[in-house]
Amino acid sequence: DELRGDRQVVLAAVRQNGHALQHAPDAMRTSREVVLAAVAQAGEALQFAQEKFRRDREVVLTAVRQSGHALRYASAAARGDREVVLEAVKQSGCALQYASEEWRHDAEIALIAGWSDPASLQY
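Report on the accompanying structure. Throughout, residues of each chain are indexed from 1 in the direction in which the sequence is written. Totals for whole chains, interfaces and linings use all residues, but because this is a predicted model, local features are given only for residues with pLDDT of at least 70 and pairs of side-chain atoms are given and counted only at 80 or more. Side-chain descriptors were evaluated using all non-hydrogen atoms of the structure, hydrogens and water having been removed beforehand.

1. A short note on the pattern of salt bridges
Here is step 1 of the chain: Salt bridges are defined by distance alone: a side-chain nitrogen of Lys or Arg within 4 Å of a carboxyl oxygen of Asp or Glu. The full count for this structure, using the stated rule, is 11 salt bridges.
Here is step 2 of the chain: In this structure, Glu108 and Arg82 form a salt bridge, with 2.7 Å as the shortest nitrogen-oxygen distance. You can see Glu108 sitting in helix H9 (residues 107-116) and its partner Arg82 sitting in helix H7 (residues 82-91), a full 26 residues away along the chain.
Here is step 3 of the chain: When a residue's accessible area, from a 1.4 Å probe over protein chains only, is under 20% of the maximum for its type it is buried; when over 50% it is exposed; and in between it is partly exposed. A residue is classified by how much of its surface remains accessible, and Arg82, at 26% relative accessible area, is partly exposed.
Here is step 4 of the chain: When the shortest N-O distance is used, the salt bridge between Glu87 and Lys90 registers 3.5 Å. Here the residue Glu87 and the residue Lys90 both occupy positions in helix H7, the gap between them amounting to 3 residues, near one helical turn.
Here is step 5 of the chain: Counted as one network, the salt bridges with shared partners bring together Arg57, Arg65, Asp81, Glu83, Glu87 and Lys90. Numbered from the N terminus, helices here are DSSP runs of H or I no shorter than four residues, and strands are runs of E no shorter than two.

Okay, structure coming up:
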């Protein structure tokens, strides 16, 4: 438990495996640096981040650039951010299903999603 509270140990752990964020103490989950390191390694680690980070544009962009599917864990506002959605569908076309309704019907976003993954056109 002592090691789990050590910032450098937690940073090293999430840089190796972003999903380690789920085992980090609450005090470490409040650290933007720790959360950014986690989502840079594994975008879907966004699911273990506090709500304030799910709204944080830089954190969300980092996450979706690593894994488009991380969009599912972003705040509604982030899912409604055109740039965030574009980055997500560039990485994984099927991330389109997590975008706000407005962007699911955007021609450019749908085209990019379709290029990334033709199956995404069903969304």
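2. A few points about helix H5 (residues 57-66)
Count 3.6 residues to each turn of an α-helix, and residues three or four apart come out pointing the same way.
Here is step 1 of the chain: Inspection of H5 places Val59, Val60, Leu61, Ala63 and Val64 among the buried residues, and these make up the whole buried set.
Here is step 2 of the chain: By definition, residues are in contact when any of their heavy atoms lie within 4.5 Å. Contacts made by the buried residues of H5 are with helix H3 (32-41), helix H4 (51-54), helix H6 (76-79) and H7.
Here is step 3 of the chain: N-cap assignment for H5: the residue whose side-chain oxygen lies 3.0 Å from the backbone N of Glu58 is Asp56. Polar contact criterion, stated in full: a pair of N or O atoms within 3.5 Å, where within protein one must be able to donate a hydrogen and the other to accept it, and residues adjacent in sequence count only if both atoms are side-chain atoms.

3. With respect to the nonpolar core
Here is step 1 of the chain: Judged by nonpolar contacts, the single largest core of 39 residues is most densely connected at Leu21, Leu46 and Leu71.
Here is step 2 of the chain: The set of elements that each furnish at least two residues to this core consists of helix H1 (7-16), H3, H5, H7 and H9.
Here is step 3 of the chain: By residue number, the principal contributor to this core is H3, which donates 6 residues.
Here is step 4 of the chain: Not counting chain neighbours up to four residues away, the residues in contact with Leu21 comprise Val14, Arg29, Val34, Val35, Ala38, Ala45, Phe48 and Ala49. Only buried residues count toward a nonpolar core, which is a set of Ala, Val, Leu, Ile, Met, Phe, Trp, Tyr and Cys residues joined through side-chain atoms within 4.5 Å.

4. Considerations on the packing of H3 against H5
Here is step 1 of the chain: Under this scheme, a helix contributes an axis fitted over its contacting stretch, all axes are lines through C-alpha atoms, and angles between N-to-C directions fall in the 0 to 180 degree range. Closest axis-to-axis distance for the H3/H5 pair is 7 Å, and the angle between their directions is 20°. Taken together, the axes of H3 and H5 are roughly parallel relative to one another. As H3 packs across H5, the resulting crossing turns out to be right-handed. Residues Arg32, Val35, Leu36, Val39, Ala40 and Gln41 of H3 pack against Glu58, Val59, Thr62, Ala63 and Gln66 of H5.
Here is step 2 of the chain: Note on residue classes: Ala, Val, Leu, Ile, Met, Phe, Trp, Tyr, Cys and Pro are nonpolar, Asp, Glu, Lys and Arg are charged, and everything else, Gly too, is polar. For the contact of H3 with H5, the per-class residue count stands at 6 nonpolar, 3 polar and 2 charged. For this classification, under 35 degrees means roughly parallel, over 145 means roughly antiparallel, 65 to 115 means roughly perpendicular, and everything else is oblique. What makes a crossing left-handed is the near helix being turned counterclockwise from the far one by less than a right angle; a clockwise turn instead makes it right-handed.

5. Digging into the packing of H5 against H7
Here is step 1 of the chain: H7 packs onto H5 with a crossing angle of 15° between their chain directions and a minimal axis gap of 7 Å. By the angle between their directions, the pair H5 and H7 is classed as roughly parallel. For the crossing formed where H5 meets H7, the hand is left-handed. Taken together, the residues of H7 that come into contact with H5 (itself represented by Arg57, Val60, Leu61, Val64, Arg65 and Gln66) are Glu83, Val84, Glu87, Ala88 and Gln91.
Here is step 2 of the chain: Residue composition of the contact of H5 with H7, by class: 5 nonpolar, 2 polar and 4 charged.

6. Regarding the side chain of Asp81
Here is step 1 of the chain: Counting through the fold element by element, Asp81 comes out in the loop between H6 and H7.
Here is step 2 of the chain: One polar contact links the side chain of Asp81 to the main-chain amide nitrogen of Glu83, over a distance of 3.0 Å.
Here is step 3 of the chain: Discounting residues that sit within four places of it in the chain, Asp81 has contacts with Arg57 and Trp103.

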